[in-house]
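Listed below, chain by chain, are the residues.
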Amino acid sequence: MDGAYRLGVGQAHGKIILAGEHAVVHHQPAIALPFSSVKLTVRIKAFTADDPRSPSQVTIHSDYDQGDFFAHSDHLAGIQTIWSAFFDEYQLVRPSAIIQIKSTIPPERGMGSSAALATAFTRALFDCYQINLDSETLSDYTHRSEQIAHGNPSGIDEQIVRSRDAIYFKKDEMPAYFQLSLPAYLVVADTGEIGNTHRAVSDVHLLLKEKTTIVKGWITAIGEIVEEMMRAIKQKDITLIGKLMNKNYYYLQQLTVNNEKLDFLVQNALSAGALGAKLTGGGRGGCMIALAESERIAKKVAKHLKTAGAKETWLLSLE
Ligand code: MEV
């Protein structure tokens, strides 16, 4: 407690799915990496009723929203649910408050911004009231929020935005953590186009309903790629990992979660010398990744991607 208000802070980072997105919703495995180059921080100031500085309501300050927290319903619906659930479950008086969100995670680009927001927000709330937050409770709160943002999420985003290590993930199972160490670089590029994970996930469900046998085959094939990639990671076989990324992208295209700009950037990355490239996350916009065998090639790939229209690029050493 600081004077007449409580202050709580929570943070989470971005994420990259190396392989297995979308198929993971259908119980296939996926591999994800923490992406700490981008982060999201939530600060909550909760005022006691008699504090003269207390705002009359819950207000939000972020790059996207200013003003009444409950008036901005769409993309804040997940954390509004967390807010209500928290005060109901812990039987605390709802305070007036100022919520501040600062983020370098580009929103709706498959980098885990909604899961990072739910995680950082939950952490900030528990920190504010100095209530111990165990891993299970954090998962419970963030999953509720992600269900609103994504419909039927696998849960991979919620796990990776708070993990220091890479994860091998299967829906409804605990993630298996491992240290990724490869003599390679990952180039991450933002198409600058907003993706829509919710829509892409439900379109894959529809496709599965319409053409069950063939789509089941594609989803299973992605699962097999992930298993083979885990073996290639253990053997540090970056050439094979690159090929598997390309194969994974082919099946993501079959699932119709690619788009023109992603295809264009993937092609550009490959012609600039990447070992493999694919979209990452929900697709239909958002981000793509490319694997390069050295920093020199990674820089060359990033430069090509910028010229080809990428809004922003990041280099990530996997060593
Ligand atoms: C989104 O980052 C990953 C998807 O597989 C959805 C999910 O797993 O919930 C597309």
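All of the points below concern the structure found in this document. Since the model is a prediction, treat every value here as computed from it, not as a measurement.

### Description of the sheet that holds strand β8 (residues 185–190)
Part 1: Pairing within the open sheet is antiparallel, and its four strands lie in the order β9-β10-β8-β11. Either end of the sheet is taken by a strand with one partner, and the two such strands are β9 (276–280) and β11 (312–317). Across the sheet, the mean angle separating the axes of adjacent strands is 20° when strand polarity is ignored.
Part 2: Strand direction decides the pairing type here: β9 and strand β10 (residues 287–292), joined by five bridges, are antiparallel. Bridging across to β10, G276 finds its partner in L291.
Part 3: Taken strand by strand, helix α7 (residues 238–254) contacts β8, β9 and β10, and its axis lies near 45° from that of β9.

### Describing the site of the ligand
Part 1: By nearness alone, 14 residues border the ligand, and K15, H22, P153, S154 and D157 come closest of all.
Part 2: In the model, an oxygen atom of the ligand is placed 2.6 Å from a nitrogen or oxygen of the K15 side chain.
Part 3: Between the ligand and H22, the relevant distance is 2.8 Å, taken from an oxygen atom to a main-chain nitrogen or oxygen of the residue.
Part 4: In isolation the ligand offers 300 Å² of accessible surface; the protein chains occlude 98% of this area.
Part 5: Counted by class, the shell around the ligand contains six nonpolar, five polar and three charged residues.

### Observations regarding the environment of M230
Part 1: Considering the arrangement of structural elements, one finds M230 in helix α6 (residues 212–234).
Part 2: Judged by relative accessible area, M230 falls into the buried class, the value being 12%.
Part 3: In this structure M230 touches I31, Y168 and F178, once residues within four positions along its chain are discounted.

### Things to note about the side chain of H26
Part 1: By the element assignment, H26 lies in the loop between β1 (5–19) and β2 (30–47).
Part 2: Taking the relative accessible area as the measure of exposure, H26 reaches 16% and is therefore buried.
Part 3: Those residues in contact with H26, other than ones at most four positions away along the chain, are V204, H205, L208 and I219.

### Some details on the pairing of strand β5 (residues 96–103)
Part 1: Judged from the eight bridges that link them, β2 and β5 form a sheet pairing that is antiparallel. Following the sheet pairing, T41 is matched in β5 by K102.
Part 2: Alignment of strand β3 (residues 58–61) against β5, held across four bridges, turns out to be parallel. Bridging from a neighbouring strand, V58 pairs with A97 of β5.

### Section: the packing of α6 against α7
Part 1: Interaxial distance between α6 and α7 falls to 10 Å at its minimum, and their mutual angle equals 165°. Viewed along their axes, α6 and α7 adopt a mutual orientation that is roughly antiparallel. The hand of the α6/α7 crossing is left-handed. Contact residues: α6 offers W218, A221, I222, I225, E228, M229, A232 and I233, while α7 offers L240, I241, L244, M245, K247, N248, Y251, L252 and Q254.
Part 2: Of the residues belonging to the contact of α6 with α7, the class tally is 13 nonpolar, two polar and two charged.

### Quick word on the layout of surface pockets
Part 1: Quantified by volume, the second largest pocket comes out at close to 290 Å³.
Part 2: Mapped by element, the contributors of at least two residues to the lining of the second largest pocket are α3 (135–150) and α4 (156–160).
Part 3: Considering every element that reaches the lining of the second largest pocket, the biggest residue donor is α3, with four residues.
Part 4: The class makeup of the residues in the lining of the second largest pocket is four nonpolar, six polar and five charged.

### Structural notes on the environment of D165
Part 1: Relative to the elements of secondary structure, D165 occurs in the loop between α4 and β6 (166–169).
Part 2: Judged by its relative accessible area of 25%, D165 falls in the partly exposed class.
Part 3: It is 24 Å that separates the C-alpha atoms of D165 and N246, two residues lying 81 residues apart in sequence.
Part 4: With sequence-adjacent residues up to four places away left out, D165 is seen in contact with P34, I160, Y177, F178 and Q179.
Part 5: A polar side-chain atom of D165 sits 3.0 Å from a polar atom in the side chain of Q179.

### Remarks on helix α8 (residues 260–271)
Along an α-helix, a turn takes 3.6 residues, which lines up residues three or four apart on a common side.
Part 1: Along its twelve residues, α8 runs 17 Å from first to last C-alpha, staying within 8% of the 16 Å computed at 1.5 Å per residue.
Part 2: Among the residues of α8, L262, L265, V266, N268 and A269 are the ones counted as buried. Along the axis of α8, the buried residues cluster in a sector spanning 165°; they form a single face. Exposed and oriented more than 90 degrees from the buried face of α8 are E260, Q267 and S271.
Part 3: Buried residues along α8 sit in contact with α7, β9, β10 and α9 (295–307).

The rules we used
- Residues numbered from 1 in each chain as written.
- Predicted model: local features only at pLDDT ≥ 70, side-chain atom pairs only at ≥ 80, totals over all residues.
- Heavy atoms only, no water.
- Pairing = 2+ DSSP bridges.
- Helix = DSSP H or I, 4+ residues; strand = E, 2+ residues; numbered from the N terminus.
- Axes fitted to C-alpha atoms, helices over the stretch in contact; angles between N-to-C directions.
- Contact = heavy atoms within 4.5 Å.
- Near = heavy atom within 4 Å.
- Polar contact = N/O pair within 3.5 Å; in protein donor to acceptor, adjacent residues only side chain to side chain.
- Areas by Shrake-Rupley, 256 points an atom, 1.4 Å probe, with all protein chains shown as cover.
- Nonpolar A, V, L, I, M, F, W, Y, C, P; charged D, E, K, R; others polar.
- Buried < 20%, exposed > 50% of the residue type's maximum accessible area, 1.4 Å probe, protein only.
- Parallel < 35°, antiparallel > 145°, perpendicular 65-115°, else oblique.
- Left-handed = near helix turned anticlockwise from the far one by under 90°.
- 1 Å grid on protein atoms, 1.4 Å probe; cavity = no way out; pocket = protein on both sides within 12 Å on 5 of 7 lines; lining within 4 Å.
- Points joined across faces, edges and corners; volume = space filled by probe spheres on them.
- Expected span 1.5 Å × (residues − 1).
- Arc of directions from axis to C-beta.

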